[in-house]
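# Inside the fold
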Amino acid sequence: MHSKAMSKMRPFDLVFCILAFIAYSDQGMAASRMRPAPVGAPSGAPREYTAFDESDLTSGFLRLAFGSDMQRLGESDDRIRKFDHRIAFRISSSGHVDRSEMYKRVLDDFIVRVPRIDAAVVDTSTAPDVIVRLVDAKDFVSALAAALGDSTASAFINQTNPRCTTRSRADELGHLLRADIFIVVDRGTDIFLDCAYHETLHALGLMNHADDIPWTTLNQRRSVGYLSVYDRAMLQMLYDPKIRAGMSRFDVQMLLPQIIQGLD
Ligand SMILES: [Zn+2]
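The paragraphs below set out a description of the structure included in this document. (Residues numbered from 1 in each chain as written. Predicted model: local features only at pLDDT ≥ 70, side-chain atom pairs only at ≥ 80, totals over all residues.)

Another point: the overall build of the protein. A count of helical and extended segments in the protein gives eight helices and nine strands. Of all intrachain contacts in the protein linking residues separated by at least 6 positions in sequence, the fraction that spans at least 24 positions is 73%. (Helix = DSSP H or I, 4+ residues; strand = E, 2+ residues; numbered from the N terminus. Contact = placed C-beta atoms within 7 Å.)

Here's what the structure looks like:
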């Protein structure tokens, strides 16, 4: 039973991503809307969908920006969560392979291609909004348990074998206060890139998964490893100034047609 003091604790969201590293078949999809994966993507990365109609964008946004299939510790809510200021990323590398530079290139990809995201990597002299912990697989559970400091979370972790996960906290208005990304570094470059893009989307406020949407990296049945046209659109929508932290599904649904029309 929760005491009154417990119930007032800030809830946080913990997303366990059970990413499948199998070739995803795009057979049967409309090929005219697809192009090869971008340069720098993993060798087995799926081709990229390039065109979406309004209903694809609306339904995906409502799925990915609201709700969650995560372990929610605390009260539940269903509202927009986003950062409202420049996002300071700190990269903490403790694995035997240092993938800090590789993560920085992933983040640069977001910053360059999603102009509405204002983010930068900072050193230890600046308080971080997002901490990216790059760890060996053998240290993943202990790193996560140390950061969570919560027996409920530890019990959950022990039942799974995640390669990457994200925890985030928002205030009562839906402003993200902090996100912690954990990624294993010693399972190869392809897994690292898939995790890095996937978890960064979560950390920026797209907290849900949609395992039946074939064009998002947040489909856990796909291994992607690049910032897709679709996920870029999701972030441009989330960080449109008209979409404010704390908004309900209803508020957002009213605005989406106009926002989608303004996408580049
Ligand atoms: Zn995930």
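Turning our attention to the pairing of strand β8 (residues 164–170). The buried fraction of β8 amounts to six of the seven residues, a majority that puts the element mostly inside the structure. Where β8 meets strand β9 (residues 176–184), seven bridges bridge the pair, whose relative direction is antiparallel. In the strand pairing of β9, C164 is matched with I183. Between β8 and β9, which follow one another and run antiparallel, lie five residues, and G174 among them has a positive phi close to 90°. (Buried ≥ 20, exposed ≤ 12 C-beta atoms within 10 Å, placed from the backbone. Pairing = 2+ DSSP bridges.)

This next bit is on the nonpolar core. Judged by nonpolar contacts, the single largest core of 61 residues is most densely connected at I183, A196, Y197, L206 and M234. Ignoring any residue separated from it by four or fewer positions in sequence, one finds I183 in contact with L134, C164, F192, C195, A196 and E199. (Core = buried A, V, L, I, M, F, W, Y, C linked by C-beta atoms within 7 Å.)

Further remarks concern helix α8 (residues 249–261). Its 13 residues place the ends of α8 19 Å apart at the C-alpha level, agreeing with the 18 Å of an ideal helix rising 1.5 Å per residue. Considering bend angle alone, the principal kink of α8 is centred on L255 and spans about 45°; proline P257 follows within four residues of it. (Expected span 1.5 Å × (residues − 1). Bend = angle between axes of the 7 residues up to and from the residue.)

Our focus in this paragraph is the environment of D123. Its location among the elements puts D123 in the loop between β6 (119–121) and β7 (130–135). The class of D123 is exposed, set by 9 C-beta atoms lying within 10 Å.

Burial within β9 is extensive, with seven of its nine residues counted as buried. For β7 and β9, the ladder comprises six bridges, and the chain directions are parallel. Residue pairing for β9: R133 is matched across the bridge by F182.

Along the chain, the position of L144 falls in helix α4 (residues 140–148). For L144, a count of 22 C-beta atoms within 10 Å gives the class buried.

For the rest of this paragraph, the subject is the packing of helix α3 (residues 100–113) against helix α6 (residues 189–203). The geometry of α3 relative to α6 is characterised by a closest axis approach of 10 Å and an angle of 45° between their N-to-C directions. Between α3 and α6, the crossing angle belongs to the class labelled oblique. Considering only the axes of α3 and α6, their crossing is right-handed. Here M102, Y103, V106, L107 and F110 of α3 lie close against α6, whose contacting residues are F192, A196, Y197 and T200. Split by residue class, the contact of α3 with α6 holds eight nonpolar, one polar and no charged. (Axes fitted to C-alpha atoms, helices over the stretch in contact; angles between N-to-C directions. Parallel < 35°, antiparallel > 145°, perpendicular 65-115°, else oblique. Left-handed = near helix turned anticlockwise from the far one by under 90°. Nonpolar A, V, L, I, M, F, W, Y, C, P; charged D, E, K, R; others polar.)

The next point concerns the environment of I259. Considering the arrangement of structural elements, one finds I259 in helix α8. Using a count of 19 C-beta atoms within 10 Å as the deciding quantity, one classes I259 as partly exposed. It is 8.8 Å that separates the C-alpha atoms of I259 and I243, two residues lying 16 residues apart in sequence.

With that out of the way, let us pick up the packing of helix α2 (residues 54–64) against helix α7 (residues 229–238). The contact between α2 and α7 brings their axes to 10 Å, and the two run at 70°. Classified by the interaxial angle, the pair formed by α2 and α7 is roughly perpendicular. Read as a crossing pair, α2 and α7 show a hand that is right-handed. Residues L57, G60, F61 and L64 of α2 touch α7, and the partners they reach there are Y230, A233, M234 and M237. Of the residues that constitute the contact of α2 with α7, the class distribution is seven nonpolar, one polar and no charged.

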